[in-house]
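Listed below, chain by chain, are the residues.
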Amino acid sequence: MTDLTRKEFLKLTGAAAATGALAATGLGASVANAQSSDLLHRPIHSSGEMIPAVGLGTAMTFGDLSQDFNQRKNAIAALFREGATVIDTSPTYSNAEQVVGRALDELGARDKCFLATKISIMGKQEGIDQNNKSFEDLRTNKMELLQVHNLKDTDAHLDTINGLREEGKVKYVGITHFRDSLNDEAAKVIENNKIDFIQCHYNLLNQSIENRVLPAAREHGVAVMVNVPFARGRLFGPTAGAGIEIPEWSKDFGVDSWGKFFLKYILGREEVTVIIPGTVNDYHVVDNVGALRGRLPTETERKRMVDFIEAL
Ligand SMILES: NC(=O)c1ccc[n+]([C@@H]2O[C@H](COP(=O)([O-])OP(=O)(O)OC[C@H]3O[C@@H](n4cnc5c(N)ncnc54)[C@H](OP(=O)(O)O)[C@@H]3O)[C@@H](O)[C@H]2O)c1
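Because the structure is a prediction, the values reported are computed rather than measured.

Calculation rules
- Residues numbered from 1 in each chain as written.
- Predicted model: local features only at pLDDT ≥ 70, side-chain atom pairs only at ≥ 80, totals over all residues.
- Heavy atoms only, no water.
- Helix = DSSP H or I, 4+ residues; strand = E, 2+ residues; numbered from the N terminus.
- Buried < 20%, exposed > 50% of the residue type's maximum accessible area, 1.4 Å probe, protein only.
- Contact = heavy atoms within 4.5 Å.
- Areas by Shrake-Rupley, 256 points an atom, 1.4 Å probe, with all protein chains shown as cover.
- Core = buried A, V, L, I, M, F, W, Y, C linked by side-chain atoms within 4.5 Å.
- Axes fitted to C-alpha atoms, helices over the stretch in contact; angles between N-to-C directions.
- Left-handed = near helix turned anticlockwise from the far one by under 90°.
- Expected span 1.5 Å × (residues − 1).
- Polar contact = N/O pair within 3.5 Å; in protein donor to acceptor, adjacent residues only side chain to side chain.
- Pairing = 2+ DSSP bridges.
- 1 Å grid on protein atoms, 1.4 Å probe; cavity = no way out; pocket = protein on both sides within 12 Å on 5 of 7 lines; lining within 4 Å.
- Points joined across faces, edges and corners; volume = space filled by probe spheres on them.
- Nonpolar A, V, L, I, M, F, W, Y, C, P; charged D, E, K, R; others polar.
- Right-handed = clockwise from strand over helix to strand, strands pointing away.
- Salt bridge = Lys/Arg side-chain N within 4 Å of Asp/Glu carboxyl O.
- Near = heavy atom within 4 Å.

Engineer: How do you make sense of the overall build of the protein when you look at a structure like this?
Structural biologist: Within the protein one finds eleven helices and ten strands. Scored against the burial criterion, the 312 residues of the protein give a buried share of 55%. Restricting to contacts in the protein with at least 6 residues of sequence separation, those with at least 24 account for 74%. Surface summary for the protein: the accessible area is close to 13000 Å², and the carbon and sulfur share equals 49%.

Shown next, in the form of structure tokens:
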């Protein structure tokens, strides 16, 4: 794997990392793909691979088999149609892996997908068994990203995931969590292990990862996948839900919905590689991926966004 220099990182992360800026980097085919899109792409620092900076999360209701399968399939189809690729799931999200696997199969879209899942159980052998079932449910023989879920039995599962990488079944190694109380432990894993991704929480109601996790990720060249970008939907309550209009000044940086307002705030941090908003609705997928167009808010504008939400 090649490590990007900080200079290259900043160059690639800059304004809409697409268009002309990528031509000069010589980072290969994945970069060429990024050039063909008007969507913001960000680099996975350990390899230089560029990925669209918004994807799809599948916790909450995605795996509910009593719900209409075609609705979920349409959400996934919309993701690819809009030019995004990343899907995050887990063996613990009810039947989400089965739904994702079947949808990718029926859409013939496995090769378009940057597929991320997790090992989420205590015990090394239990983790191996759980992951074997994930491969089956996802109907795949490779995973782009395999993560230790919520830092549960981290050393045992990192060993397993690194072994799968050696075998060519897994491309990137990661850890996840979404609790303030685990920020320090997550930062230590970044500092003491060679991992490619950290997945953690970051949104307009919670910026706790700015203290230790983001600096550690930056220093060690670890890509950051952001979960719960809408605080599990809570951000919509006092805004869209209360009939509050998006502020006029946010239209200057391409905001035309509350979803984009919340996502562009997160994308304003250059350490963020990809955000995985959870939704079962194709029109929300289109809205969310749309946050990758247009410029990002400046630091002053981001501060104004925090103040606006805090004042509600
Ligand atoms: N420890 C971990 O590893 C961990 C923990 C938590 C989450 N995650 C991952 O992160 C993903 C995101 O978190 P989350 O799903 O819990 O919460 P979230 O993304 O913060 O919020 C999801 C909620 O937002 C709504 N929504 C999505 N897009 C919208 C839009 N454009 N406009 C209006 N409403 C919208 C969804 O409803 P609709 O379905 O109606 O659109 C859903 O109710 C998860 O799905 C999962 O993949 C990982």
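Engineer: Quick question: what am I supposed to make of the nonpolar core here?
Structural biologist: Proteins that are soluble and globular tend to have nonpolar side chains buried together. Ranked by internal contacts, the top residues of the largest apolar core, which has 76 residues, are I76, I87, L104, I175, I198, L204 and F261. Apart from the residues within four sequence positions on either side, L104 is in contact with I76, F80, I87, A109, R110, C113 and L115. Formed by twelve residues, the second largest nonpolar core is a distinct cluster that contains I44, L145, A223 and I276.

Engineer: Before we go on, may I ask you to explain the packing of helix α3 (residues 69-81) against helix α4 (residues 96-107) in this structure?
Structural biologist: Axis angle and axis distance: for two packed helices, these are the angle between their axes and the distance between the axes, and together they describe the pair. Across the interface, α3 lies against α4 with an axial gap of 10 Å and an inter-helix angle of 60°. For the crossing formed where α3 meets α4, the hand is right-handed. Between α3, through F69, R72, K73, I76, A77 and F80, and α4, the contact on the second element is made entirely by V99, V100, R102, A103, L104, E106 and L107.

Engineer: I keep staring at α3 and nothing clicks. Help me out?
Structural biologist: One turn of the α-helix equals 3.6 residues, which is why residues spaced by three or four share an orientation. For α3, spanning 13 residues, the distance from its first C-alpha to its last is 18 Å, which sits close to the expected 18 Å at 1.5 Å a residue. Among all positions of α3, only F69, R72, K73, A75, I76, A78, L79 and F80 are buried. Where α3 is buried, its residues contact β3 (56-57), β4 (86-88), α4 and α10 (282-289). Capping of α3 at its N-terminal end is provided by D68; its side-chain oxygen lies 3.1 Å from the backbone amide nitrogen of N70. Looking at the residues trailing α3, positive phi occurs at G83, about 100°.

Engineer: Just to check I follow, could you spell out the sheet that holds strand β6 (residues 143-148) for this structure?
Structural biologist: Each strand in a sheet pairs with another by means of backbone hydrogen bonds, the pair being arranged parallel or else antiparallel. One open sheet holds the eight strands; their spatial order is β3-β4-β5-β6-β7-β8-β9-β10, and the pairing between them is parallel. In the strand order of this sheet, the two ends are held by β3 and β10 (272-275), each with one partner. Pairing between β6 and strand β7 (residues 170-176): five bridges, direction parallel. In the sheet register, L145 faces β7, and the bridge partner there is Y172. Packed on one face of the sheet, α3 meets β3 and β4 and runs near 150° to β4.

Engineer: Sorry, what's going on with the side chain of T117 here?
Structural biologist: Tracing the backbone shows T117 in strand β5 (residues 114-119). Given a relative accessible area of 0%, T117 falls into the buried group. Those residues in contact with T117 that sit more than four places away from it in its chain are T89, S90, P91, E97, S134, L138, M143, L145, L146 and Q147.

Engineer: Got a minute to help me understand the layout of surface pockets in this structure?
Structural biologist: By rolling a water-sized probe across the atoms, one finds the places where empty space is left. Roughly 660 Å³ of volume is contained in the largest pocket. What lines the largest pocket is a set of 32 residues, and nearest its centre among them are A59, M60, R232, P277 and G278. A per-element tally of the lining of the largest pocket places α10 first, with three residues. Looking at side-chain class alone, the lining of the largest pocket contains twelve nonpolar, 16 polar and four charged residues.

Engineer: What's the story with the pairing of β10 in this structure? I'm lost.
Structural biologist: Note on strand geometry: in a regular strand, side chains alternate between the two faces of the sheet. Strand direction decides the pairing type here: strand β9 (residues 223-227) and β10, joined by three bridges, are parallel. Counterpart to V226 in the pairing with β10 is I275. Crossover β9 to β10 through helix α9 (residues 258-267) is right-handed.

Engineer: What is the right way to read the pattern of salt bridges from this model?
Structural biologist: A side chain of one charge can pair with a side chain of the opposite charge if their charged atoms are brought near each other. Scanning the model with the defined rule gives 25 salt bridges in all. Across the pair K260 and D287 runs a salt bridge whose closest N-O atoms are separated by 2.9 Å. In this pair, K260 sits in helix α9 while D287 sits in helix α10, placing the two residues 27 residues apart along the sequence. Connected through shared salt-bridge partners, E210, R218, R269, E270 and E271 make up one network.

Engineer: What's the story with the site of the ligand in this structure? I'm lost.
Structural biologist: Surrounding the ligand, one finds 30 residues, the nearest of these being D88, N150, F230, T279 and H284. Protein contacts shield 89% of the accessible area of the ligand, which totals 910 Å² for the unbound molecule. The element best represented in the shell around the ligand is α10, accounting for three residues. Class assignment for the residues of the shell around the ligand results in twelve nonpolar, 14 polar and four charged.

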